[in-house]
Amino acid sequence: MKTIINTNFGKIFILALLTLTVTTAVAQEEEETKPKFSFSGSVDAYYRANLTAPNDEEAIAPGSSFAQLPGFSLGMANVIAAYEGEKVGFVADLVFGPRGTDAIFASPMYSATGDIVNQLYVYWNVSDAVTLTFGNFNTFLGYEVISPVANFNYSTSYLFSYGPFSHTGLKADFDLGGDWSAMVAVMNPTDLTEFNPTGDYAVGAQLGYSGQFLNFLYSQGGFEIDYTGGFDLSEEFYLGLNAAHFSAEDDGGSFTGVALYPQYAVSETFSLGLRGEYFMTGDFFGDVTSIGSDADGDGSVLALTLTGSATIGDLILKPEIRLDSSAEDAFIDNDLAPTKSLASVLFAAIYSF
């Protein structure tokens, strides 16, 4: 009798254990497939001063976007709400402050709040290999992005500044397997993000392999080809690359540039990075005075930017020194005389959450 009771008890115990295991597995699977809402973003501010030019209302600064204001200055508050389901989701990316205003310079075109929308799109994971995105999304061209969190250097390159910032349209991303990827897109003309006032459309494409991307964009008679990538040369040393050429039909102007981004991790919390960029224009939209131009509108600039990046928890501190050297007299010195070069320093603080 004792043996029978023990045997029955053992069977009951094993059955209960199996039931608990199955229940736990089902609960974990439901938790993994349950749509997830996330809230993230960043806040940044900086101090900038010229070493070889006045620091007053003339606002002498490099001819690239963002981080151009003198003294203690504001960057932006970036707030991103996202909802990620098993198949579908959305991203609402809002920006407030000078950097955000500069990033979406063509808005508002219609909406009174169009000047705070950095990205606003929905997506559908059609399969494991195909994702469709519909709405307003940041550009797929170039090495640098709008958010200072994702850039090593706080100030931006000329390549970034002259390229597109954002697009509105429909794009399809494809995972081709074997580290290969592709993307095709139909969009409004470049940087017309709220609606299409022209009736024209832009087309874009991307081919990627193992972190290297070849990008194409055609918009209103202008064609741009762009290469973006990078290589881990060692555990501490990384080299990023960006090269692009833009040309517009009917003598609408052109630009060509290349930038190298060597970065070295000194420790787990501090890194040094240099951006070396050469950028030249050919009567780009008739206005290249920001980098210096001759009578034919041709201009060129060599820009060297050394940045340190120190991490303290979620806070990133970035001291930076920058030298811009133009082919023409694009700047002034401390005696208010025209000069070809400008040296400046910057200190930025970025908090991400």
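Quick caveat, the model's predicted, so the values are computed rather than measured. (Residues numbered from 1 in each chain as written. Predicted model: local features only at pLDDT ≥ 70, side-chain atom pairs only at ≥ 80, totals over all residues. Heavy atoms only, no water.)

A. Quick look at the environment of G100. On the secondary structure map, G100 appears in helix 2 (residues 98-103). Counting along the chain gives 46 residues from G100 to I146, while the straight-line C-alpha distance between them is 8.1 Å. Dropping the residues within four chain positions of it, G100 is found in contact with M76 and V95. (Helix = DSSP H or I, 4+ residues; strand = E, 2+ residues; numbered from the N terminus. Contact = heavy atoms within 4.5 Å.)

B. Quick peek at the packing of aromatic side chains. This structure, assessed with the given rule, holds 15 aromatic pairs. The interplanar angle of 50° and the centroid separation of 4.8 Å between the aromatic rings of Y47 and F72 together place this pair among those described as tilted. Residue Y47 is found in strand 1 (residues 36-50), and its partner F72 is found in strand 2 (residues 71-84); the two are separated by 25 residues along the sequence. The exposure class of F72 is exposed, given its relative accessible area of 76%. Here W180 and Y209 contribute two aromatic rings whose centre-to-centre distance is 4.7 Å and whose plane-to-plane angle is 40°, an arrangement assigned as tilted. Of this pair, W180 sits in strand 7 (residues 180-187) while Y209 is found in strand 8 (residues 202-209), placing the two residues 29 residues apart along the sequence. Classification of W180 as partly exposed rests on a relative accessible area of 40%. Of the aromatic side chains, those joined through ring pairs into one cluster are Y158, Y162, F246, F255 and F279. The residue whose ring lies beneath R99 is Y154, and the NZ or CZ to ring-centre distance is 5.2 Å. (Phe/Tyr/Trp six-rings, centres within 6.5 Å; stacked < 30°, edge-to-face > 60°. Buried < 20%, exposed > 50% of the residue type's maximum accessible area, 1.4 Å probe, protein only. Lys NZ or Arg CZ within 6 Å of the ring centre and 35° of its normal.)

C. The arrangement of the confidence of the model for the protein chain in detail. Confidence in the prediction of the protein chain, expressed as mean pLDDT, is 89, and 85% of residues score 70 or more. Scored below 50 in pLDDT, residues 1-5 shows zero contacts in the model against residues more than four places distant or in partner chains. The low-confidence segment residues 285-290, where pLDDT is below 50, has 10 contacts with residues more than four positions distant or belonging to other chains. (pLDDT = per-residue confidence, 0-100.)

D. Broad picture of unusual backbone geometry. Phi at D179 takes a positive value of approximately 70°, unusual for a residue other than glycine. Take D179: it is sitting in the loop between strand 6 (166-177) and strand 7. With phi around 50°, Q220 is a residue other than glycine that occupies positive phi space. Summarising the element assignment, Q220 is placed in the loop between strand 9 (212-219) and strand 10 (222-232). Judged by relative accessible area, which is 49%, Q220 ranks as partly exposed.

E. Representation of the pattern of salt bridges within the structure. Enumeration according to the criterion identifies three salt bridges in this entry. Here R275 ties to E144 by a salt bridge, and the two come within 3.0 Å at their closest N and O atoms. Here R275 is found in strand 13 (residues 270-282), whereas its partner E144 is found in the loop between strand 5 (130-138) and helix 3 (158-162), with 131 residues between them in sequence. Between K171 and D173 there is a salt bridge, with its nearest N and O atoms 3.9 Å apart. In this structure K171 comes out as buried when scored by relative accessible area, which is 17%. (Salt bridge = Lys/Arg side-chain N within 4 Å of Asp/Glu carboxyl O.)

F. A look at the side chain of T339. Along the chain, the position of T339 falls in strand 17 (residues 338-339). With near-sequence residues (within four places) excluded, T339 lies in contact with E328, D329, A330, F331, I332 and D333.

G. Expanded view of the side chain of N136. By the element assignment, N136 lies in strand 5. Residue classification places N136 among the buried residues on the basis of a relative accessible area of 6%. Within the structure, the side chain of N136 is placed 3.0 Å from the backbone oxygen of H167, a separation counted as a polar contact. When neighbours within four sequence positions are excluded, N136 is seen to be in contact with V117, N118, Q119, L120, Y121, S166, H167, T168 and T193. (Polar contact = N/O pair within 3.5 Å; in protein donor to acceptor, adjacent residues only side chain to side chain.)

H. Here's a closer look at the environment of S210. As for its position among the elements, S210 is in the loop between strand 8 and strand 9. Looking at S210, the relative accessible area reads 43%, which means it is partly exposed. Linking S210 and G229, residues 19 residues apart in sequence, is a C-alpha distance of 9.0 Å.

I. Representation of the pairing of strand 2 in the model. Here strand 1 runs beside strand 2; their pairing, made up of 12 bridges, is antiparallel. Within strand 2, the position partnered with K36 by the bridge is E84. Pairing of strand 2 with strand 3 (residues 88-96), which is carried by eight bridges, proceeds in the antiparallel orientation. In the sheet register, Y83 faces strand 3, and the bridge partner there is F90. Between strand 2 and strand 3, which pair antiparallel one after the other, the connecting turn spans three residues. (Pairing = 2+ DSSP bridges.)

J. Main features of the pairing of strand 7. Alignment of strand 6 against strand 7, held across eight bridges, turns out to be antiparallel. Each residue of the ladder has a partner; that of L170, found in strand 7, is V186. Between strand 6 and strand 7, which pair antiparallel in sequence order, lie two residues; one of them, G178, sits at a positive phi of approximately 65°. Relative to strand 8, strand 7 runs antiparallel, the two being bridged by eight bridges. Note on strand 8: the bridge partner recorded for M183 is Q206.

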